[in-house]
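Structural characterization, general
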Amino acid sequence: MATEPLHFEKAPIREAIIAVQVHDLSTSILEDLRTLPERVKSSYPQHAELHESEFVGQVGPQGPKASAHQKLIGFQFQSTDSKQIFQARLNGFSFHRLAPYESWAPFRNEAFRLWNLYREIVGPVKTVNFSIRYINALVVPAPGKLEDYLTVFPQMPPEFPQMVRNYHMRIELPLDDQTSGEGLVTITQTLLPSEPGTASILLDNYFLYAAFGVPDDVLWKKIDAVQAVKNRLFLAAMTPEMKKRIS
Amino acid sequence: MPAIASFDTAYLAKRRLTSRSRELTAPTSSSRKVFAFFGGLIAEDRSTSKFLQVEREYQELWTSLELYANLANNWDSYGAEKPSRASVEATAEILGRLREELFLPNRVVPSSEGGIAVYFNKDNKTGYLEYRNSGDVILAMYDNQNDPSIIELTRTDADKSKAISLIRSYITED
């Protein structure tokens with residue numbers, strides 16, 4: 001089903017991420033992943049290794065023991081302007097678009113192109129889950145009322161002080177859409193440092209869906225289906241005044 | 001219905017600059033707590049978001065800058081001048097620009113020449129931008145193989161852009 005494109009002139013999106021987690025691949029795949037820098041260097045000239053670190057502390061009859069291990073798990077690639085990043089790891093893939101964010105189509109298409117490249121290199125994978133994440137910074141006048149800009153915010157009884165210095169709100173809600181399937185949205189809000197006379201409200205919408213062993217075509221159909229869900233929730237979280245501010 | 005208080009870093013800086021001794025001896029000052037609070041919240045998600053990672057690093061650098069804004073003269077016991085308000089503000093401005101460009105330095109340090117310096121490091125390369133109390137702005141780029149490149153700049157917006165561009169090219173090129 002086609003989804004109505006959503007576009008705001010002053011889009012508050014600071015980062016959008018599509019990520020797919022897969023069952024851990026064999027470490028021998030790392031050698032294949034080492035060919036990636038050459039293949040993407042025209043659009044992603046900067047790359048760095050990604051490591052996973054493990055620290056273990058144990059207390060036993062013989063006294064305390066501690067050990068640390070670090071292992072290479074993949075690579076991160078970055079475009080010249082640092083606005084696009086992707087990770088190719090033994091446990092998955094992610095594509096990140098930083099501001100300015102244009103629209104869903106170019107974002108999704110670039111993620112899809114890079115996913116195909118990843119799949120070409122690593123071979124068969126068993127997917128575990130996928131996620132779509134939109135990190136927004138809504139800049140509003142301060143002091144000001146949260147209710148003027150957001151429809152979801154912490155409510156406090158009148159006996160409480162009504163001036164909020166900062167807050168951290170995290171809500172997890174189950175999702176069950178026909179096409180994208182069962183999932184979970186985690187909505188996080190807090191205040192970020194901002195310019196004088198303003199407040200910058202972090203609105204982080206993180207959509208996570210199970211995708212056990214689904215083939216690529218199904219996976220991307222599910223990913224595409226999340227576009228409508230994330231648009232619906234984003235629009236519903238803002239008041240008309242907030243929408244006007246970013247239009 | 002709750003209202004949002006104005007959180008403005010410039011206000012915090014001004015407040016600290018006008019009440020140095022009390023703030024310096026108060027490690028649980030409200031602004032520090034605010035930054036620590038942000039840090040804690042953002043830490044959990046920073047591994048997967050470049051934006052949140054930059055926000056977190058920016059807050060840490062800002063906390064360092066706040067501390068250096070409160071130094072006294074002879075802070076290094078070798079007679080160094082405390083960083084002037086102008087050098088702190090110039091550093092705050094460049095940090096703001098670097099935050100927008102998602103290209104933050106590794107460290108902010110007080111300069112023994114009097115002023116504040118920001119350091120960028122990658123592998124064996126160092127980029128160094130110093131805002132001195134005298135008003136001088138020094139950009140230096142060096143590694144362990146070549147002669148250092150030292151450029152004198154001004155505090156204009158154009159020179160801020162030039163400094164960022166030069167350091168970015170130097171640090172990120174292979």
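A few points on the structure. Per chain, the residues get numbers from 1 upward, laid out in the order the sequence is written. Just so you know, chain letters begin at A and ligand numbers begin at 1, following the order they were written in. Confidence filtering applies because this is a predicted model: local features only for residues at pLDDT of at least 70, side-chain atom pairs given and counted only at 80 or more, and all residues used for totals across whole chains, interfaces and linings. With hydrogens and water excluded, all non-hydrogen atoms of the structure serve as input to the side-chain values.

Re the sheet that holds strand 8 (residues 163-164) of chain A
Note the cut-off: When DSSP locates at least two bridges between a pair of strands, those strands are taken to pair. A run of DSSP states H or I qualifies as a helix once it reaches four residues; a run of E qualifies as a strand once it reaches two. Both are numbered from the N-terminal end.
As summarised here, the arrangement of the three strands in space is 7(A)-1(B)-8(A), forming an open sheet in which the pairing is mixed. With partners counted over all chains shown, the strands left at the sheet margins are strand 7 (144-145) and strand 8 of chain A, one partner each. Here strand 8 of chain A pairs with strand 1 (residues 3-4) of chain B via two bridges, running parallel. Following the sheet pairing, methionine 163 of chain A is matched in strand 1 of chain B by alanine 3 of chain B.

Overview of the packing of helix 3 (residues 104-122) of chain A against helix 4 (residues 216-236) of chain A
Residues and elements named next belong to chain A. Heads up, the rule is: Inter-axis angles, ranging from 0 to 180 degrees, are taken between N-to-C directions of lines fitted to C-alpha atoms, where helices are fitted over the stretch in contact. What sets the label is the angle itself: under 35 degrees gives roughly parallel, over 145 gives roughly antiparallel, 65 to 115 gives roughly perpendicular, and the rest give oblique. Each helix crossing is assigned a hand: it is left-handed if the near helix lies turned anticlockwise from the far helix by less than a right angle, otherwise right-handed if that turn is clockwise. We call two residues contacting when some pair of their heavy atoms lies within 4.5 Å. Gly counts as polar in this scheme, as do all residues outside two lists: the nonpolar Ala, Val, Leu, Ile, Met, Phe, Trp, Tyr, Cys and Pro, and the charged Asp, Glu, Lys and Arg.
At their nearest, the axes of helix 3 and helix 4 sit 12 Å apart, and the two run at 160° to each other. Classified by the angle their axes make, helix 3 and helix 4 are roughly antiparallel. The handedness of the crossing between helix 3 and helix 4 comes out as right-handed. In this structure, helix 3 uses Trp104, Arg108, Ala111, Phe112, Trp115, Asn116 and Arg119 to contact helix 4, whose residues at the interface are Asp216, Leu219, Trp220, Ile223, Asp224, Gln227 and Lys230. Split by residue class, the contact of helix 3 with helix 4 holds seven nonpolar, two polar and five charged.

Comments concerning the pairing of strand 2 (residues 107-111) of chain B
Moving residue by residue along a regular strand, the side chains alternate between the two faces of the sheet. Residues and elements named next belong to chain B. Let me state the cut-off plainly: Think of it in three bands: residues with accessible area under 20% of the maximum for their type are buried, residues over 50% are exposed, and the middle band is partly exposed, with areas taken using a 1.4 Å probe on protein chains only.
Judged by how many residues are buried, strand 2 sits mostly within the fold: four of five residues are covered. Looking at chain direction, strand 2 and strand 3 (residues 115-122) are connected through five bridges and run antiparallel. Paired with valine 108 across the two strands is valine 118, which belongs to strand 3. Here strand 2 folds back onto strand 3, and the loop between the two strands holds three residues, one of which, glycine 114, carries a positive phi near 95°.

A short note on the packing of aromatic side chains
Residue and element names in this part refer to chain A. Keep this limit in mind: To pair, rings of Phe, Tyr and Trp, with the six-membered ring standing in for Trp, must have centres within 6.5 Å; the planes then decide the type, stacked if under 30 degrees apart, edge-to-face if over 60, and tilted in the middle.
In total, this model carries 16 aromatic pairs over all chains according to the counting rule given. Plain terms: the ring middles of phenylalanine 107 and tyrosine 134 are 6.0 Å apart, the flat faces sit at 75° to each other, and that makes the pair edge-to-face. You can see phenylalanine 107 sitting in helix 3 and its partner tyrosine 134 sitting in strand 6 (residues 127-141), a full 27 residues away along the chain. Aromatic rings pair up to connect Tyr44, Phe77, Phe86, Phe93, Trp115 and Tyr118 into one cluster.

Looking at the pairing of strand 9 (residues 168-177) of chain A
Residues and elements named next belong to chain A. Relative to strand 10 (residues 181-192), strand 9 runs antiparallel, the two sharing ten bridges. Looking at strand 10, one finds that methionine 169 is bridged to glutamine 189. In this antiparallel pair of consecutive strands, strand 9 and strand 10, the connection spans three residues.

Side note on the environment of glutamate 54 of chain A
Residue and element names in this part refer to chain A. Here glutamate 54 shows up in strand 2 (residues 46-60). Residue glutamate 54 is classed as partly exposed on the basis of its relative accessible area of 46%. Spatially, the C-alpha atoms of glutamate 54 and proline 161 are 44 Å apart, while their sequence positions differ by 107 residues. Excluding anything up to four places from it in sequence, glutamate 54 contacts Ser67, Ala68 and His69.

A look at helix 3 of chain A
In plain terms, the rule: For a helix, the expected span equals 1.5 Å multiplied by the residue count minus one.
In a regular helix each residue adds 1.5 Å, so 19 residues correspond to 27 Å; helix 3 of chain A covers 26 Å between its end C-alpha atoms and thus fits that length. Inspection of helix 3 of chain A places Trp104, Phe107, Arg108, Glu110, Ala111, Leu114, Trp115, Leu117, Tyr118, Ile121 and Val122 of chain A among the buried residues, and these make up the whole buried set.

Coordinates in, geometry out; function isn't part of it.
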